[in-house]
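Coordinate inspection notes
These are the residues of each chain, in order.
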Amino acid sequence: MPGLLLRTLRGENSSDRPVWLMRQAGRYLPEYRALREQKGGFLPLVYDSEAAAEITLQPIRRFGFDGAILFSDILIVPYAMGQDLEFLAGEGPHLSPRLADAALAALHAVPERLSPIYETVKLVRAALPADKTMLGFAGSPWTVATYMVNGQGSRDQHDTRAMAYRDPAAFQAIIDAITAVTVEYLGGQILAGAEAVQLFDSWAGSLAPAEFERWVVAPNAAIVSALRQRFPDVPIIGFPKGAGEKLDAYVRETKVDAVGIDETVDPLWAARVLPSRMPVQGNLDPLLLLAGGAELERQTLKILDTFADRPHVFNLGHGIGQTTPVENVGHLLALVRGWRP
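So, here is what we can say about the structure in this document. (Residues numbered from 1 in each chain as written. Predicted model: local features only at pLDDT ≥ 70, side-chain atom pairs only at ≥ 80, totals over all residues. Heavy atoms only, no water.)

**Some points on the sheet that holds strand β8 (residues 280–284)**
Read from one edge of the open sheet, seven strands run β1-β4-β5-β6-β7-β8-β9, paired in parallel fashion. Where the open sheet ends on each side, the last strands, each with one partner, are β1 (67–69) and β9 (312–316). Averaged over all pairs of adjacent strands, the angle between their axes in this sheet comes to 25 degrees, without regard to strand direction. As paired elements, β8 and β9 share five bridges and run parallel to each other. Considered in β9, the bridge of Q281 is made with V313. Against the sheet, helix α9 (residues 168–192) engages β4 (133–139) and β5 (196–201), with an angle of about 165 degrees to β4. (Pairing = 2+ DSSP bridges. Helix = DSSP H or I, 4+ residues; strand = E, 2+ residues; numbered from the N terminus. Axes fitted to C-alpha atoms, helices over the stretch in contact; angles between N-to-C directions. Contact = heavy atoms within 4.5 Å.)

Here's what the structure looks like:
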């Protein structure tokens, strides 16, 4: 029988709430920090399939989350498309050459850079208990493009938004190329054992409505359509962070199976506006998890109560912060698992 998380993503409602947390495998865990110190930097960990599988499994062993989210990074796609990728201490990821300065055609694809990620998925799925769901993921084309164009993260995606306005045909070619690789990448994860996948659009909130339709909705809809033709039973979660009032259109037009909502979305609004049988994922503020205390309890129970009448996956509105106390995560899990409608 499929696990609780997978059943929920397929539309089943239950008095039990599945829970997993974005960035649940990472720097807040002492076992992760120990392994990273032993193995070296972030990218060597991602490309050591056994180490990446171990990191993916660490929070399952400690907390028993209902899903294991692949330990990897959204920038593996541009790396496979031919950009160089490095993670610099204190600065984050850097891609070169920047597509603000170089043509997409100048890149030489290296698809074998995806193979170790598939091996990680295989190792995790083989080690996971049968009632736990293996989650794969990729970055959505708009968010990945912001890094490819700028070469690194930015606060307002200035260079990428300007390029999309200035030369929409060239930018469309970048989006189309990312979309094609992402379909193959997620398909490879599914063939390796991923039972559901999530599309992270971390910078969806930086776009005006018309640009949101073109650069967020359209490419995500294309990915969903292509994957559904090949893997009709694999749920696809869309997470357009910052989409706000555009969430309803995103859900209707992309046809994702479930939608993740960030901490800025009022759960009462989401429960009222989103389709009644649509599984919703979210949306506790990660800073509440860091702070702990009575407000963490109050807001957790409010989210659970608000989504009591629909399929709901408890999660954060974004990833766990690296200084989050481990004991707060354990307390959150006890709250979610002790709740009843």
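**Here's the deal with the layout of surface pockets**
If you add up the space inside the largest pocket, you get close to 1300 Å³. Taken together, 35 residues line the largest pocket, and the ones lying closest to its centre are R23, R27, F42, D73 and F87. Each residue belonging to the lining of the largest pocket can be placed in one class, and the counts come to 20 nonpolar, 10 polar and five charged. (1 Å grid on protein atoms, 1.4 Å probe; cavity = no way out; pocket = protein on both sides within 12 Å on 5 of 7 lines; lining within 4 Å. Points joined across faces, edges and corners; volume = space filled by probe spheres on them. Nonpolar A, V, L, I, M, F, W, Y, C, P; charged D, E, K, R; others polar.)

**A closer look at the nonpolar core**
The biggest cluster of nonpolar side chains holds 115 residues, and the ones touching the most others in it are L21, F171, L227, L284 and L289. Top element by residues in this core is α9. It accounts for nine residues. (Core = buried A, V, L, I, M, F, W, Y, C linked by side-chain atoms within 4.5 Å. Buried < 20%, exposed > 50% of the residue type's maximum accessible area, 1.4 Å probe, protein only.)

**Here's the deal with helix α11 (residues 247–254)**
Counting buried residues in α11 gives six out of eight residues, a clear majority hidden from the surface. Looking one or two residues past α11, K255 carries a phi angle of roughly 65 degrees, positive in sign.

**Considerations on the environment of H108**
Structurally, H108 is set in the loop between β3 (92–96) and α6 (115–127). Sequence-wise, H108 and A196 are 88 residues apart; in three dimensions their C-alpha atoms are separated by 30 Å. Contacts of H108, omitting those with residues within four sequence positions, involve M81 and G82.

**Focus on the pairing of β8**
β8 sits mainly inside the fold: five of its five residues count as buried. Of the strand pairs in this sheet, strand β7 (residues 258–260) and β8 are connected by two bridges, and their pairing is parallel. Directly across from V259, in β8, lies its bridge partner V280. Remark: the β7/helix α12 (residues 267–273)/β8 crossover connection has right-handed handedness. (Right-handed = clockwise from strand over helix to strand, strands pointing away.)

**Details of the side chain of T254**
Mapped onto the elements of the fold, T254 is located in helix α11. A polar atom in the side chain of T254 sits 2.6 Å from the backbone oxygen of Y250. Not counting residues within four places of it along the chain, the set of residues in contact with T254 comprises V217, N220, A221, V224 and A249. (Polar contact = N/O pair within 3.5 Å; in protein donor to acceptor, adjacent residues only side chain to side chain.)

**Side note on the pattern of salt bridges**
Overall, the coordinates contain 13 salt bridges when judged by the stated rule. Between R337 and D66 there is a salt bridge; the shortest N-O distance is 3.4 Å. Of the two residues, R337 sits in helix α15 (residues 326–338) while D66 sits in the loop between α4 (49–63) and β1, which places them 271 residues apart along the sequence. The salt bridge partner of R125 is E195, with a shortest N-O separation of 2.5 Å. Highlighted residues: R125 in helix α6 and E195 in the loop between α9 and β5, separated in sequence by 70 residues. The exposure class assigned to R125 is buried, which follows from its relative accessible area of 18%. You can call E195 partly exposed: its relative accessible area is 23%. (Salt bridge = Lys/Arg side-chain N within 4 Å of Asp/Glu carboxyl O.)

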